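Each chain, written out:
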Amino acid sequence: SPHGLLVLGREVMKQPFLRQLVGQRTITIPGPEGRPVRLESENDLLSIMPDADGIKTGHTDKAGFVEVSHATSGTLGRELYAVVMGEPSREVRARDSKALLEWGFAHYARPVVIPRGRRVVDLPVQGSGATVALAPPSAVAATVRVGLPVSMRVVAPALAVAPEQKGQRLGRVEVVQDGTVVARSALVATAGAEPPGMGDAFGNALGGIWSVVS
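In every chain, residue numbers begin from 1 and rise along the written sequence. Selection of residues for local features in this predicted model requires a pLDDT of at least 70, selection of side-chain atom pairs for listing and counting requires 80 or more, and totals for whole chains, interfaces and linings are taken over all residues. As a rule here, side-chain values cover all heavy atoms of the structure and leave hydrogens and water aside.

J.: Where do I start with the packing of aromatic side chains in this structure?
T.: Pairs of aromatic rings are described using the distance from one ring centre to the other and the angle between the two planes. Between rings of Phe, Tyr and Trp, where Trp is taken as its six-membered ring, a pair exists when centres lie within 6.5 Å; planes separated by under 30 degrees are stacked, by over 60 edge-to-face, and by other angles tilted. Under the definition given, this model contains zero aromatic pairs. Sitting over the face of the ring of tyrosine 81, arginine 10 holds its NZ or CZ atom 5.6 Å from the ring centroid. The criterion is that NZ of a Lys, or CZ of an Arg, lies within 6 Å of the ring centre and within 35 degrees of the ring normal, and then a charge sits over that ring.

Set out below in C-alpha cells:
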C-alpha cells in the first residue's frame, strides 16, 4: 500500500548509510579478478530531478511500475516523500514522481516573517515608566505552507530589570503555523535601560499611595 511504502521510505532515510546509498545514480564495486564493475540505479528520477535523493523502485504485474521517492529542497529546507503505483513504464514512473514532488514543494514558501531589527514587543522596565523594545538580532525566515495563517508567540519575562544593555537577550519569539513552531529566534534589547533614579522612585511611591487612597 502507499502508506506502507511511505513507512519503509522514512525508515530508510533515517539510516545515514542507506540514505547515502539510495541517492547514488551509479556506483563502482570490485568485480571478478579485481576488475571494477559499474552499477547503475534504476531510479531514473535521480537523473531528472536534482533535489531527488532516493528511495526505491519496484515492479510487479499487478502493481505496475512503483516508486517511493524522496527529495530535499535546499531553498525551502524542506523534505518531501511521494509514492506512485500502477505506472505503465520506468519513464512515466520517474516523470510522475518528479511532478508529484514539485507539486508538493509548490505549496511551500520561505519568506522573511520578521525583518532584522523589527520591534516585536515593548517590555516594561521595573520601577520605571520606561519600556525597552525587543527585536530579533537577525532576520527570521520560515518555511510555511502557502495560504495558511502564521502567528507569533513571545516568550519573555513580564518586566525588564534595569540596567539592561543594548543587545542583551531578554526572551525569544516563535513563529507558529498550524500548531507547529516553524522558526524561532532570540529577542534582544534594541537600546539600553537605566535603573530608575530617586525622582522616579518617589513618583512611583506617590502613585502607589494615591491608588490605595482612592
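More follows now that the structure is in view.
J.: I keep staring at the layout of surface pockets and nothing clicks. Help me out?
T.: Any empty space left between the atoms is revealed when a probe the size of a water molecule rolls over them. Considered as a void within the structure, the largest pocket measures approximately 210 Å³ in volume. Here a cavity denotes grid points, spaced 1 Å and computed from the protein atoms alone, that fit a 1.4 Å probe unable to get out, and a pocket denotes an open set having protein on both sides within 12 Å along at least 5 of 7 lines; residues with an atom within 4 Å of a point are the lining. Leu21, Val22, Gln24, Ser41 and Glu42 are the residues nearest the centre of the largest pocket, which is lined by 14 residues in total. Each helix corresponds to a stretch of at least 4 residues labelled H or I by DSSP, and each strand to a stretch of at least 2 residues labelled E; elements are numbered beginning at the N terminus. Elements with a contribution of two residues or more to the lining of the largest pocket: α2 (16-22), β1 (26-30), β2 (36-40) and β3 (52-60). At three residues, the largest contribution of residues to the lining of the largest pocket is made by β3. Of the residues in the lining of the largest pocket, the class split is five nonpolar, five polar and four charged. Grid points are joined across faces, edges and corners, and a volume is the space filled by probe spheres set on the points. Considered as a void within the structure, the second largest pocket measures approximately 150 Å³ in volume. Each residue is assigned to one class: nonpolar for Ala, Val, Leu, Ile, Met, Phe, Trp, Tyr, Cys and Pro, charged for Asp, Glu, Lys and Arg, and polar for all the others, Gly among them.

J.: Looking at this model, I keep getting lost on the environment of leucine 18. Mind explaining?
T.: Positionally, leucine 18 belongs in helix α2. Summary of the burial criterion: residues with accessible area below 20% of their type's maximum are buried, those above 50% are exposed, and those between are partly exposed, where the area comes from a 1.4 Å probe applied to protein chains only. We classify leucine 18 as partly exposed; its relative accessible area is 33%. Separated by 36 residues in the primary sequence, leucine 18 and glycine 54 have C-alpha atoms spaced 9.6 Å apart.

J.: So what exactly am I meant to see when it comes to the confidence of the model for the chain here?
T.: Low-confidence regions, as indicated by low pLDDT, have predicted coordinates that should not be scrutinised in detail. Confidence of the predictor in every single residue is expressed as pLDDT, which spans 0 to 100. Confidence in the prediction of the chain, expressed as mean pLDDT, is 87, and 90% of residues score 70 or more. When pLDDT is averaged over each element of the chain, helix α4 (residues 90-105) comes out on top at 97 and helix α5 (residues 198-213) at the bottom at 37. Whether two residues are in contact is decided by their heavy atoms: any pair within 4.5 Å suffices. pLDDT under 50 marks residues 198-214. Its contacts with residues more than four places away, or in other chains, come to three contacts.

J.: Would you mind going over unusual backbone geometry with me for this structure?
T.: Generally, phi is negative for residues other than glycine and the peptide bonds are trans, each holding for most cases. The omega angle of the peptide bond from glycine 54 to isoleucine 55 is 20 degrees, so this bond is cis rather than trans. Topologically, isoleucine 55 is positioned in strand β3. Positive phi is not limited to glycine here, since glutamate 33 has a value of about 60 degrees. The exposure class assigned to glutamate 33 is exposed, which follows from its relative accessible area of 76%. Unlike most non-glycine residues, aspartate 178 shows phi in positive territory, near 55 degrees. If you trace the backbone, aspartate 178 turns up in the loop between β13 (169-177) and β14 (180-189). Taking relative accessible area as the criterion, aspartate 178 reaches 69% and is therefore assigned exposed.

J.: I keep staring at the nonpolar core and nothing clicks. Help me out?
T.: Within soluble globular proteins, side chains that are nonpolar tend to cluster in buried spots. By size, the foremost hydrophobic cluster in this structure holds 17 residues, and its most contacted members are Ile114, Leu123, Val132, Leu170 and Val175. Elements with a contribution of two residues or more to this core: β9 (131-135), β13 and β14. Buried residues of nine kinds, namely Ala, Val, Leu, Ile, Met, Phe, Trp, Tyr and Cys, make up a nonpolar core once their side-chain atoms join them within 4.5 Å. Among the nonpolar cores identified, the runner-up in size contains 11 residues, and Met49, Ala52, Leu76 and Leu101 belong to it.

J.: What is the right way to read the sheet that holds β13 from this model?
T.: Sheet strands pair by backbone hydrogen bonding; their relative direction is either parallel or antiparallel. Reading across the sheet, the five strands line up as β8-β9-β14-β13-β12 and stay open at both edges, with antiparallel pairing between neighbours. In this open sheet, the two edge strands, each paired with only one partner strand, are β8 (121-124) and β12 (151-155). If you compare each strand with its neighbour and ignore which way they point, the axes differ by 30 degrees on average. Pairing analysis gives two bridges linking β9 to β14, with the strands arranged antiparallel. If you follow leucine 134 over to β14, its bridge partner there is alanine 189. If DSSP finds at least two bridges between two strands, the strands pair. Axis definition: a line fitted to C-alpha atoms, limited for helices to the stretch in contact. Angles are taken between N-to-C directions and run from 0 to 180 degrees.

J.: Honestly, the pairing of β1 in this entry has me stumped. Any pointers?
T.: Consecutive side chains of a regular strand alternate in pointing toward one face of the sheet and then the other. Taken together, the five bridges between β1 and β2 define a ladder with antiparallel strand orientation. Paired with isoleucine 29 across the bridge in β2 is valine 37. Taken together, β1 and the strand that follows it, β2, pair antiparallel across an intervening segment of five residues, in which glutamate 33 is found at a positive phi of about 60 degrees.

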